[in-house]
Structures are given as C-alpha cells and as structure tokens.
Amino acid sequence: MHIQVTASSLKPTAATADVLIIPVYSDGQLGKTLPEALRRGLGVHMRRVEFTGVWGTSIFLPFVKGSKAPFVALIGLGDRSHSVERHQEAMRRGVAQTVREARKYEMRSLVVNLYDNDTPGQLAAAAVEGAELANYRFTEYSTKLKKEQASQSIKKLSVVVPTAKLLETRAALSAVENVIDGVALARDLVNQPADAMRPEVLVAQARAIEAKSPHIKARIYDRREAELAGFNAFLAVARGSEVEPYVIHLTYTPKADSDSAVFLVGKGITFDSGGLSIKTGEGMEDMKIDMAGAAAVLGTFSVLEKAKPNVTVHGLIAACENMPSGTAYRPGDVLTAKNGKTIEVLNTDAEGRLTLADMLSFAVEHKPQAVIDLATLTGACVIALGETVAGLWGTDENLVNQIKMASAQSGEQACQLPMPEEYESLIQGSISDLINTSTAGKVGPATMAGEITAAMFLREFTGNTPWVHLDIAGPAHTMRPLLPYNPPGATGYGVRLLLEFLKSYGQ
Ligand code: BES
Ligand code: ZN
Ligand code: ZN
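Note that the coordinates shown come from a computational prediction; the quantities given were computed from them, not determined experimentally. Every chain's residues receive numbers from 1 upward, in the order its sequence appears when written. To label them, take the chains in the order written and letter them from A, then take the ligands in the order written and number them from 1. Per-residue local features are limited, in this predicted model, to residues with pLDDT of at least 70; the limit for side-chain atom pairs, both in listing and counting, is 80 or more; totals at the level of whole chains, interfaces and linings are taken over all residues. The basis for every side-chain value is the complete set of heavy atoms in the structure, and neither hydrogens nor water enter the calculation.

### Overview of the site of ligand 1
To be explicit about the condition: Only a single heavy atom is needed: when it lies within 4 Å of a molecule or strand, its residue is near that molecule or strand. Polar contacts, as used here, are pairs of N or O atoms within 3.5 Å; protein pairs need one atom able to donate a hydrogen and one able to accept it. Residues neighboring in sequence count only if both atoms are side-chain atoms. In these tables, accessible area is a Shrake-Rupley quantity obtained with a 1.4 Å probe, and a residue counts as shielded only by the protein chains included in the view.
As a matter of local geometry, ligand 1 sits amid 16 residues, with Asp-272, Lys-279, Asp-349, Glu-351 and Gly-379 nearest to it. At a separation of 2.9 Å, a nitrogen atom of ligand 1 approaches a polar side-chain atom of Asp-290. Glu-351 is positioned with one of its side-chain polar atoms (N or O) 2.9 Å from an oxygen atom of ligand 1. Protein chains shield 77% of the accessible area of ligand 1, which is 510 Å² for the free molecule.

### Section: the pattern of salt bridges
Basically, it comes down to this: Here, a salt bridge means any side-chain nitrogen of Lys or Arg that lies within 4 Å of a carboxyl oxygen of Asp or Glu. Numbered from the N terminus, helices here are DSSP runs of H or I no shorter than four residues, and strands are runs of E no shorter than two. Exposure classes here rest on a 1.4 Å probe applied to the protein chains alone. A residue is buried below 20% of its type maximum, exposed above 50%, and partly exposed in between.
Here the structure, examined in full by the defined rule, presents 23 salt bridges. Among the salt bridges present, the one from Arg-496 reaches Glu-129, with a minimum N-O distance of 2.9 Å. Within this pair, whereas Arg-496 is found in helix α15 (residues 495-503), its partner Glu-129 is found in helix α3 (residues 120-135), the two being separated by 367 residues in sequence. On the basis of relative accessible area, Glu-129 is assigned to the buried category, the value being 7%. A salt bridge links Glu-412 to Arg-496; the nearest nitrogen and oxygen atoms lie 3.8 Å apart. Of the two residues, Glu-412 sits in the loop between α13 (397-410) and β15 (413-416) while Arg-496 sits in helix α15, which places them 84 residues apart along the sequence. Of the two residues examined, Glu-412 and Arg-496, each falls in the buried class. Through salt bridges with shared partners, a single network forms among Glu-89, Arg-92, Arg-93, Glu-129, Glu-412 and Arg-496.

### Examining the environment of Met-419
Worth spelling out the cut-off: The contact criterion used is simple: two residues touch if any of their non-hydrogen atoms lie within 4.5 Å.
Mapped onto the fold, Met-419 is located in the loop between β15 and β16 (434-435). The residues contacting Met-419, other than those within four sequence positions of it, are Trp-393, Gly-394, Thr-395, Ile-452, Met-456, Arg-459 and Trp-467.

### Looking at the nonpolar core
Soluble globular proteins tend to pack their nonpolar side chains together in the buried interior. Note the cut-off: In this text, buried Ala, Val, Leu, Ile, Met, Phe, Trp, Tyr and Cys residues form a nonpolar core when linked through side-chain atoms within 4.5 Å.
Val-19, Met-91, Phe-301, Val-313, Ile-372, Leu-470 and Phe-501 are the most contacted members of the largest nonpolar core, which has 96 residues in total. At 10 residues, the largest contribution of residues to this core is made by helix α5 (residues 166-191). The contacts of Phe-501, once residues within four sequence positions are left out, are Val-262, Ile-372, Leu-399, Gln-402, Ile-403 and Ala-406. Formed by 47 residues, the second largest nonpolar core is a distinct cluster that contains Ala-233, Tyr-329, Leu-377 and Phe-457.

### Let's talk about the environment of Ile-289
Within the element layout of this structure, Ile-289 appears in the loop between β9 (261-272) and α9 (292-302). Beyond its immediate chain neighbours, meaning those up to four positions away, Ile-289 contacts Val-190, Thr-376 and His-477.

### Considering the coordination of the zinc ion (ligand 2)
Filter applied, for reference: With water excluded from the atoms, a metal site may look incomplete; its donors are any N, O or S atoms within 2.8 Å, or within 3.2 Å for Na, K and Ca.
For the zinc ion (ligand 2), the protein coordination sphere consists of Asp-272 (OD), Asp-349 (O), Asp-349 (OD) and Glu-351 (OE), at 2.0 to 2.2 Å. In this structure the zinc ion (ligand 3) is found 3.2 Å away from the zinc ion (ligand 2), and Asp-272 serves as a bridging donor for the pair. Within this pair, whereas Asp-272 is found in strand β9, its partner Glu-351 is found in the loop between β12 (342-344) and α11 (352-365), the two being separated by 79 residues in sequence. For Asp-272, a relative accessible area of 3% puts it in the buried group.

### Points about the coordination of the zinc ion (ligand 3)
The condition is simple: Geometry is assigned from donor-metal-donor angles: four donors are tetrahedral when every angle falls between 85 and 135 degrees, four are square planar and six octahedral when opposite donors sit over 155 degrees apart with all other angles between 65 and 115, and any other arrangement is irregular.
Here the zinc ion (ligand 3) is held by the protein donor atoms Lys-267 (NZ), Asp-272 (OD), Asp-290 (OD) and Glu-351 (OE), which lie 2.0 to 2.4 Å from it. Here the zinc ion (ligand 3) is ringed by six donor atoms whose angles at the metal span 78 to 171 degrees, and the overall shape comes out octahedral. Mapped onto the polypeptide sequence, the residues donating to the zinc ion (ligand 3) form the spacing pattern K-x4-D-x17-D-x60-E. Residue classification places Glu-351 among the buried residues on the basis of a relative accessible area of 1%.

### Remarks on the pairing of strand β6 (residues 156-160)
The condition is simple: Two strands qualify as a pair provided DSSP detects at least 2 bridges between them.
Most of β6 sits out of view: four of its five residues are buried. Relative to β6, strand β1 (residues 4-8) runs parallel, the two being bridged by five bridges. Residue pairing across strands places Thr-6 opposite Ser-158, the latter belonging to β6. In this structure, strand β5 (residues 109-113) lies alongside β6, joined through five bridges in parallel fashion. Looking at the pairing, Asn-113 lines up with Val-160 of β6.

### Some words on the packing of α13 against α15
Rule in force here: Angles here are taken between N-to-C directions and fall from 0 to 180 degrees, while the axes themselves are lines fitted to C-alpha atoms, restricted in helices to the stretch in contact. Between 65 and 115 degrees an angle is taken as roughly perpendicular, under 35 as roughly parallel, over 145 as roughly antiparallel, and anywhere else as oblique. Handedness of each helix crossing follows the sense of rotation of the near helix against the far helix: counterclockwise by less than a right angle gives left-handed, clockwise gives right-handed.
Remark: α13 packs on α15, axes separated minimally by 8 Å, with the N-to-C direction vectors making an angle of 120 degrees. On the basis of the axis angle, α13 is oblique to α15. The two elements α13 and α15 cross, and the hand of that crossing is right-handed. Along the contact surface, α13 presents Leu-399, Gln-402, Ile-403, Ala-406, Ser-407, Gln-409 and Ser-410, while α15 presents Arg-496, Leu-497, Glu-500 and Phe-501.

Below, the structure written as structure tokens:
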C-alpha cells in the first residue's frame with residue numbers, strides 16, 4: 001500500500017499533520033519561512049541535545065512550542081555545499097528514521113518542509129523514497145505483522161515547496177512512486193519462502209509483467225528448450241531438484257528507435273542448499289534469498305513501461321533450485337558452458353557462477369552495449385564489504401563510471417574491487433579450461449578473495465562486451481537496522497540503481 005503523497009505550497013504550519021519534518025544543514029540555521037515562535041521553540045531543543053544538522057543525524061521531538069503538529073523531526077543534511085546526492089541520502093535516512101519513530105506512536109501523517117531549500121524537487125523525491133521504503137512490511141504470513149501494519153503504517157505524506165517549484169516537484173514524486181513499486185515487488189519476491197518462490201513463480205511474474213506492458217515481451221525456455229539452446233552449465237545445477245528449471249528472457253523495446261541495448265542478468269537460484277557440497281543448516285537458513293538478482297531484474301522490468309528509458313533492455317534469468325539428490329551434479333563433473341568453455345565442478349555450492357556463465361555467454365552473443373549482472377554470488381563478498389555495500393567489478397571504464405554514478409544517485413552503495421592478473425591462475429583447470437572454485441589458500445576458514453575469483457570466473461564468459469558484475473550477497477537482505485529505510489528481510493537492492501542507470505540513456 002502506497003502512502004498518499006501530495007505536494008503543495010501551503011505554509012508548513014498551515015499543513016496539518018502528526019509530524020512536521022524540517023531538514024537542517026550543518027550550519028544549524030532554521031529556514032526563514034518558519035514562524036518565529038516555532039524557531040524559538042526548536043532552538044531550545046537543538047541546544048539541549050546539541051543537534052546541529054550533521055549529516056545522517058535526526059531527532060524526533062514531542063511538544064515543541066510553536067508547533068501545531070504533536071511531533072517535530074529535525075533531519076541533518078550536512079554541509080550546505082555538498083552534492084545534492086549526499087543531501088538526498090541524508091533525507092532518505094532521516095525521513096526513514098522519522099517513519100520508524102512515528103510508527104511507534106501510531107502517528108499517521110507527515111509533512112516535510114522544503115520551503116527553504118534550493119533543490120526541493122530532488123529532496124522531496126528522496127523524502128518520499130525514504131518514507132515508502134521504511135514503511136514497507138512483508139505481512140503475508142503473519143497475523144501480528146498484518147495488524148501492526150494496519151495500525152502503524154504511515155498513511156499520508158505531504159511536501160511543501162515554493163509555488164515556483166511545484167511542477168518539477170510533482171514530476172519527481174511520480175517518478176519516485178514508480179521506482180518504489182519496483183523495489184516493493186523485488187522485496188516481495190525475495191521475502192517469499194523458497195517453497196512458494198519456485199522457478200515457475202518467477203516465470204509467472206515475468207508473464208504478468210509482459211501482460212501489463214505493451215513494450216515488453218517474455219520468452220521462456222523450459223528444460224528441453226534450454227538444452228537445445230546449449231545452457232548446459234545451468235541445467236547441470238538444476239538436475240538435483242525436482243522442481244522444473246526455466247530460463248526467462250524479457251525484452252523491453254522503447255517507443256522511439258534506439259541503437260543501444262543493455263542486458264540485465266540476475267542470478268535466480270530459488271533455493272541454494274549447496275547441492276552435494278551441502279551447506280550447514282545455519283548456512284542455508286537464508287538461502288531463499290539466492291534469487292535476489294533475479295528479483296532486482298523483475299522489479300526493474302515491472303516499472304519500465306512507466307520509467308520509459310530510451311534503450312532496449314533485455315532481462316535474463318536462469319531460474320532453478322540447487323539441491324542434492326541421486327540425479328544431482330557432482331564434484332568432479334566437467335561441464336561445457338554455452339560459449340564452449342569447459343568447467344570442472346570442484347564445489348557444487350559455487351553454482352551461481354555456473355548458471356551465470358550460460359546467461360552471460362548468451363547475452364554477449366547479441367553484441368549489446370552493456371551487460372550488467374546482479375548476483376548473491378559469494379559469502380566472501382559479505383565478509384569483505386558487509387551488509388550495505390555491493391562488490392563491483394567491470395571490464396569497461398565508461399560503464400563502470402556510469403554504474404558508480406547511478407549508485408551515488410540512488411544511494412545503493414557499491415565498491416569497486418580489482419581483478420589482479422596473477423589471480424587468473426587460481427581458476428584455471430588441470431583437466432578443463434576452468435574450475436568453479438579458486439585454488440587459493442585459506443585465510444582461517446575462508447578462501448582468499450573468493451569474491452574476486454568468482455568475478456574473474458564470470459569475466460571468462462563476457463568476451464569483449466562491456467560488462468559489470470555486482471555481487472549483492474550482502475545488501476540483498478538485512479537482519480539489523482543498519483539503514484533505517486531497510487526493514488528486516490529483503491531490501492530490493494539493485495532496482496533503484498538499475499533504474500537510475502537506465503535513465504542515463506534518456507527517457
Ligand atoms: N548463494 C551463495 C552465496 C551467499 C552466501 C549469498 C551468503 C548470500 C549469503 C553461493 O552460491 C555460495 O554458496 N557461494 C560459496 C562459494 C564457495 C563454495 C566457493 C560461498 O560463498 O561460500
Ligand atoms: Zn551456493
Ligand atoms: Zn548461491
């Protein structure tokens with residue numbers, strides 16, 4: 001359910017709401033349009049708690065003199081001279097934090113004062129994004145969560161901006177509502193238990209997107225068709241499970257003719273038990289999230305019709321389950337990927353790179369301008385970068401820079417890691433071209449730089465096509481409130497970044 005969002009030019013004190021939100025830069029100055037009594041009232045609180053508008057800080061105050069709203073929230077935007085992107089991220093976090101507080105007190109409506117900012121449209125969009133993301137809950141299987149969401153969810157948010165900025169603000173708000181829909185779908189898909197999120201459910205989702213989007217077509221490969229197409233590495237992974245595997249190929253064609261095409265490839269393992277190289281019980285607890293890359297691609301596609309990027313966008317998902325059984329692929333098996341390279345399987349738990357090998361090979365056959373894959377690929381990446389930052393690798397400086405820009409603008413963080421030449425030897429086979437896990441030594445219980453050798457393995461299937469890989473094993477889901485706009489569970493990571501990236505091709 002969406003928050004009902006409106007933009008107006010009413011004076012902030014005229015707009016009635018349960019919580020009045022006021023952004024403050026780190027010079028601590030309160031906007032001139034705020035009434036004198038309110039500014040005095042806030043000044044008292046600010047001095048008491050030493051709130052000075054530092055980036056990422058916020059306070060939630062009851063009974064502020066001069067305020068009609070029962071609560072006032074102050075949000076620190078940091079240095080006035082910093083980039084709009086930086087201010088936007090502070091806004092997302094501050095409003096999300098405010099939403100968390102407001103929910104506790106069952107305060108249902110928010111008003112954000114953007115009268116005194118130079119970039120109210122962009123800040124309004126960030127405010128709505130933070131609020132909507134923080135207000136999300138996956139309630140399907142819990143009466144308690146359903147009740148909680150009914151009583152606590154934020155119902156209304158209004159932003160007040162100068163009259164001259166009203167039109168651009170409304171446009172920014174409608175774009176952000178679309179983005180949020182994509183994120184919510186990705187979260188819903190990832191939050192579903194694996195038993196309810198089988199490959200065929202991802203297929204049904206792709207079909208549903210096709211049905212409501214005149215510019216999107218879906219081509220589905222079943223097991224036999226995937227065999228004919230040469231997706232052998234993927235089919236080897238799928239062999240251990242009784243659920244049917246599918247390859248999903250979505251194509252969005254823009255209205256205006258476009259010479260450019262990009263491929264978005266998402267890892268779609270609906271459950272990763274590890275296969276015969278089976279995980280520990282604890283290790284597979286969260287492994288329903290192993291299709292988060294696929295969910296990011298589907299979430300993005302679900303809103304492309306409205307986002308209208310001026311580029312042909314392909315979405316590719318190899319969807320299957322990784323299970324141990326009498327028919328499962330084994331350690332020692334040698335597979336031939338779609339591009340002809342042979343891979344000796346040393347560990348059946350390094351399955352994502354096998355399914356992606358076929359998808360990347362297929363993508364580059366079409367000679368697109370860019371291939372971007374998103375995959376919950378390695379635990380090593382979570383150890384390296386933690387729960388909020390994705391690993392980023394690429395073969396083309398321009399494309400890498402475009403992705404970095406989209407990352408900064410969306411607030412979805414990614415950090416580039418290297419592909420040192422000398423590590424290439426770690427994934428070379430003795431009886432095959434490649435092996436699916438690195439022969440690097442151990443550091444304690446973990447293999448050295450497993451996230452890097454996994455990325456380098458994928459590169460073997462990308463030919464000369466500009467390619468970027470995002471290892472989203474960390475940021476795809478969260479257990480702790482490190483980012484106030486991500487409630488526990490799936491985050492929908494990737495949708496905001498991808499939509500921002502596609503926007504750079506024009507609309
Ligand atoms: N899906 C996992 C990676 C993962 C781990 C995602 C934790 C999210 C959280 C992947 O298929 C996997 O099992 N990778 C192995 C690779 C190893 C066998 C080389 C890993 O990271 O341990
Ligand atoms: Zn695995
Ligand atoms: Zn996996």
